[in-house]
Amino acid sequence: MATPPIPIAYQQELPAVPDWLNKGDSAWQMTASTLVGIQSMPGLLIIYASIVKKKWAVNSAFMVLYAFAAVLICWVLVCYRMAFGDQLLPFWGKGAPALGQKYLVGRARVPESTHEVDGKTVTTEPFYAMATLVYFQFTFAAITVILLAGSVLGRMNIRAWMAFVPLWLMFSYTVGAFSLWGGGFLYQWGVIDYSGGYVIHVSSGIAGLTAAYWVGPRLKSDKERFPPNNVLLMLAGAGLLWMGWSGFNGGAPYAAHIASSIAILNTNVAAATSLLVWTCLDVIFFGKPSVIGAVQGMMTGLVCITPGAGMHQRRVSIFMV
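Keep in mind that what you see is a predicted model, and the values were worked out from it rather than measured.

### What about the overall build of the protein?
Item 1. Each helix and strand in the protein was counted, giving 12 helices and four strands.
Item 2. At 21 Å, the protein has a C-alpha radius of gyration in line with the 20 Å of a compact globule built from 321 residues.
Item 3. The buried share among the 321 residues of the protein stands at 45%.
Item 4. A fraction of 72% describes how many contacts in the protein between residues 6 or more apart in sequence connect residues 24 or more apart.
Item 5. Accessible surface for the protein amounts to roughly 16,600 Å². Of this, 68% is attributable to carbon and sulfur atoms.
Item 6. One way to put it: in the protein the 19 positive side-chain charges average out to a point 14 Å from where the 12 negative ones average out.

Quick look at the structure:
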């Protein structure tokens, strides 16, 4: 009697598992990507829809929904390789699609990241497929645009926003991403941005301030009274944002190792500390704690730790190795 063939999934050499692929790193990076995506959808969508007046809730939520979808399509069509591809200028990569199967199933690599370390030439080459890196970096690009949206909630037409998103992504975000993370001139100078303090938070903050200036101030009646329309939903969105930040900072090392563990712990300690300090200050100066103040404190801690979340306690990680 002939022996039945062994199913592909149980064979020793799986066609979809090349020698360079590390299943642990790949699984963690996809998990981290999902966590960062959840920060935007539905995290910031819920926060924005609940923190503004009721008449602006749907428009604010739709701005997030549209931005997430538009950034993804622009990212895979041209923007990913403008940020992480071959160099065109010292601050910009050559735009090209990131959709071909041959490109996506190959090993992830940032071609312009080659640099010298202790006399050795090193290039950023994580142990997973390029498709994983493309999606992970997309979630960062998407949340950057969505954070920017917070500065114009309730005062920007959705049609104007639809035109703004792809243009800003292409001509602003990709410049900062390539310069710092993609091997551009700042990367080669040794500038370190662990997980987006400059590429994400500074760029979205400056762009948001500029956008708010040109869009103009809100009506006087809106500025005098601007209560959130649903505090409980705002807290739910803030919770999703906090938990998602573990993927934000924990996925930045491109691997599941000690630096990612330290980054996740540092991230949560910073958020909790900032939240408690802000709450205590509310009690000291205003006589009672504030839910909105606590959320602001939490987000302040998360933003402040991001540029160096995996850089702190480096001696501890060395001794552990």
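Resuming the write-up.
### What about the environment of D19?
Item 1. Tracing the chain through its elements places D19 in the segment before α1 (23–51).
Item 2. Placed 46 residues apart in sequence, D19 and L65 show a C-alpha to C-alpha distance of 38 Å.

### Details of the environment of V36
Item 1. Checked against the element boundaries, V36 lands in helix α1.
Item 2. What makes V36 buried here is its relative accessible area of 0%.
Item 3. Measuring from C-alpha to C-alpha, the distance between V36 and H201 comes to 14 Å, with 165 residues separating the pair along the chain.
Item 4. In contact with V36, other than residues within four places in its own chain, are T139, F140, G244, G247 and F248.

### Topic: the state of the cysteines
Item 1. Inspection of every chain in the model, using the stated rule, returns zero disulfides.
Item 2. With no disulfide partner, C280 has as its closest neighbouring cysteine sulfur the one in C304, 17 Å distant.
Item 3. Here C280 falls in the partly exposed class, since its relative accessible area comes to 47%.
Item 4. Judged by relative accessible area, C304 falls into the exposed class, the value being 58%.

### Notes on a nonpolar patch on the surface
Item 1. The grouping of V277, L281, I284, F285 and F286 at the surface amounts to a nonpolar patch, some 590 Å² of accessible area in total.
Item 2. Topologically, I284 is positioned in helix α10 (residues 258–286).

### A short note on the domain arrangement of the protein
Item 1. Its domain assignment divides the protein into domain 1 (22–230) and domain 2 (257–320).
Item 2. Using C-alpha coordinates to define each centre, domain 1 is positioned 22 Å away from domain 2.
Item 3. Taken residue by residue, the interface counts nine residues in domain 1 and 12 residues in domain 2.
Item 4. Between domain 1 and domain 2, a total of about 840 Å² is buried, with carbon and sulfur atoms accounting for 80% of that surface.
Item 5. It is W28, Y194 and H201 in domain 1 that bury the most area against domain 2; as a group they hold 57% of the surface buried on that side.
Item 6. Inspection of the domain 1/domain 2 interface yields zero salt bridges.

### Remarks on the packing of helix α4 (residues 130–149) against helix α5 (residues 158–180)
Item 1. Remark: α4 packs on α5, axes separated minimally by 11 Å, with the N-to-C direction vectors making an angle of 125 degrees. Relative to α5, α4 is oriented oblique. Of the two elements, α4 crosses α5, and the hand of that crossing is right-handed. Note on element contacts: α5 touches α4 through W161, F164, V165, W168, L169 and Y173, opposite Q137, F140, A141, T144, V145, L148 and A149.
Item 2. Among the residues forming the contact of α4 with α5, the class breakdown is 11 nonpolar, two polar and no charged.

### A look at the UniProt feature "transmembrane region" (unreviewed entry) in the protein
Item 1. The UniProt record marks residues 27–51, 63–83, 127–149, 161–186, 198–216, 228–248 and 254–278 with the feature "transmembrane region" (unreviewed entry), using the residue numbering of this structure.
Item 2. End-to-end, the C-alpha atoms of residues 63–83 are 24 Å apart, and along that stretch the chain is 100% helix and 0% strand.
Item 3. Helix and strand shares over residues 228–248 are 86% and 0% respectively, and the end C-alpha atoms of the span are 27 Å apart.

### What about the environment of P111?
Item 1. For P111, the location among the structural elements is in the loop between α3 (101–105) and β3 (115–117).
Item 2. The spatial distance from the C-alpha of P111 to the C-alpha of W181 is 11 Å, given a sequence separation of 70 residues.
Item 3. Filtering out sequence-adjacent residues up to four positions away, P111 remains in contact with F84, G85 and D86.

### Focus on the packing of aromatic side chains
Two numbers describe a pair of aromatic rings. These are the distance of the centres and the angle of the planes.
Item 1. Counted according to the given criterion, the structure contains 17 aromatic pairs.
Item 2. A centroid spacing of 6.4 Å and a plane angle of 25 degrees characterise the contact between F91 and W92, whose relative ring orientation is stacked.
Item 3. Within the aromatic cluster, the residues linked to one another by ring pairs are F136, F140, W181, W245, F248 and Y254.
Item 4. Stacked on the ring of Y103, the Lys or Arg R81 has its end atom at 4.3 Å from the ring centre.

### As for the pattern of salt bridges
Item 1. Under the counting rule described, the total for this entry stands at one salt bridge.
Item 2. One salt bridge in this structure joins R109 and E125, with 3.4 Å as the shortest N-O distance. Of the two residues, R109 is situated in the loop between α3 and β3 and E125 in the loop between β4 (120–122) and α4; the sequence distance between them amounts to 16 residues.

### Comments concerning α10
Item 1. Its 29 residues place the ends of α10 42 Å apart at the C-alpha level, agreeing with the 42 Å of an ideal helix rising 1.5 Å per residue.
Item 2. Inspection of α10 places S260, I262, A263, N266, T267, A270, A271, S274, T279 and D282 among the buried residues, and these make up the whole buried set.
Item 3. Remark: G287 follows α10 within two positions and exhibits a positive phi of approximately 85 degrees.

Quick notes on the rules
Here the residue index of a chain counts from 1 through its sequence in written order. Thresholds applied to this predicted model are a pLDDT of at least 70 for local features of residues and 80 or more for the giving and counting of side-chain atom pairs; totals over whole chains, interfaces and linings are not thresholded and use all residues. Note: side-chain values were computed over all heavy atoms of the structure, leaving out hydrogens and water. Only runs of H or I of at least four residues qualify as helices and only runs of E of at least two qualify as strands under DSSP, and these elements are numbered from the N terminus. The globule rule is 2.2 Å times the number of residues to the power 0.38, and the radius of gyration it is compared with is taken over C-alpha atoms. Burial classes: relative accessible area under 20% of the type maximum marks a residue as buried, over 50% as exposed, and values in between as partly exposed (1.4 Å probe, protein chains only). The contact definition used throughout considers only heavy atoms, calling two residues in contact when any of these lie within 4.5 Å. Surface accessibility follows the Shrake-Rupley procedure with a 1.4 Å probe radius. Residue values consider only the protein chains on display as shielding. The charged-residue count follows a simple rule in which Lys and Arg add positive charge and Asp and Glu add negative charge, with His and chain termini not counted at all. Taken as the charge centre is NZ of Lys, CZ of Arg, CG of Asp or CD of Glu, depending on the residue. Count a disulfide wherever a pair of cysteine sulfur atoms falls within 2.5 Å. Patch construction takes residues with relative accessible area above 30% that form no salt bridge. Like charges are linked within 9 Å, and nonpolar side chains (Val, Leu, Ile, Met, Phe, Trp, Tyr) are linked within 5 Å. Definition used for salt bridges: Asp or Glu carboxyl oxygen within 4 Å of a side-chain nitrogen of Lys or Arg. The domain limits used here are those given by an automatic or database domain assignment. The quantity reported as buried area is the accessible area (1.4 Å probe) lost by two parts once they are put together, taken as the sum for both. Only the stretch in contact is used when a helix axis is fitted, and all axes are lines through C-alpha atoms; the angle between N-to-C directions ranges over 0 to 180 degrees. Note on angle classes: values under 35 degrees are labelled roughly parallel, values over 145 roughly antiparallel, values of 65 to 115 roughly perpendicular, and the remainder oblique. Working rule for handedness: look at the near helix, and if it is turned counterclockwise from the far one by less than a right angle, call the crossing left-handed; if clockwise, right-handed. Nonpolar residues are Ala, Val, Leu, Ile, Met, Phe, Trp, Tyr, Cys and Pro. Charged residues are Asp, Glu, Lys and Arg, and all others, Gly as well, are polar. UniProt positions are given in the numbering used here, feature names are shortened, and annotations may be inferred rather than shown by experiment. Pairs were defined over the aromatic rings of Phe, Tyr and Trp, the Trp ring being its six-membered one, requiring ring centres within 6.5 Å. Orientation was assigned from the angle between planes: stacked under 30 degrees, edge-to-face over 60, tilted for the rest. By definition here, charges over rings are those cases where NZ of Lys or CZ of Arg is within 6 Å of the ring centre and within 35 degrees of the ring normal. A helix is expected to span 1.5 Å multiplied by its residue count minus one.

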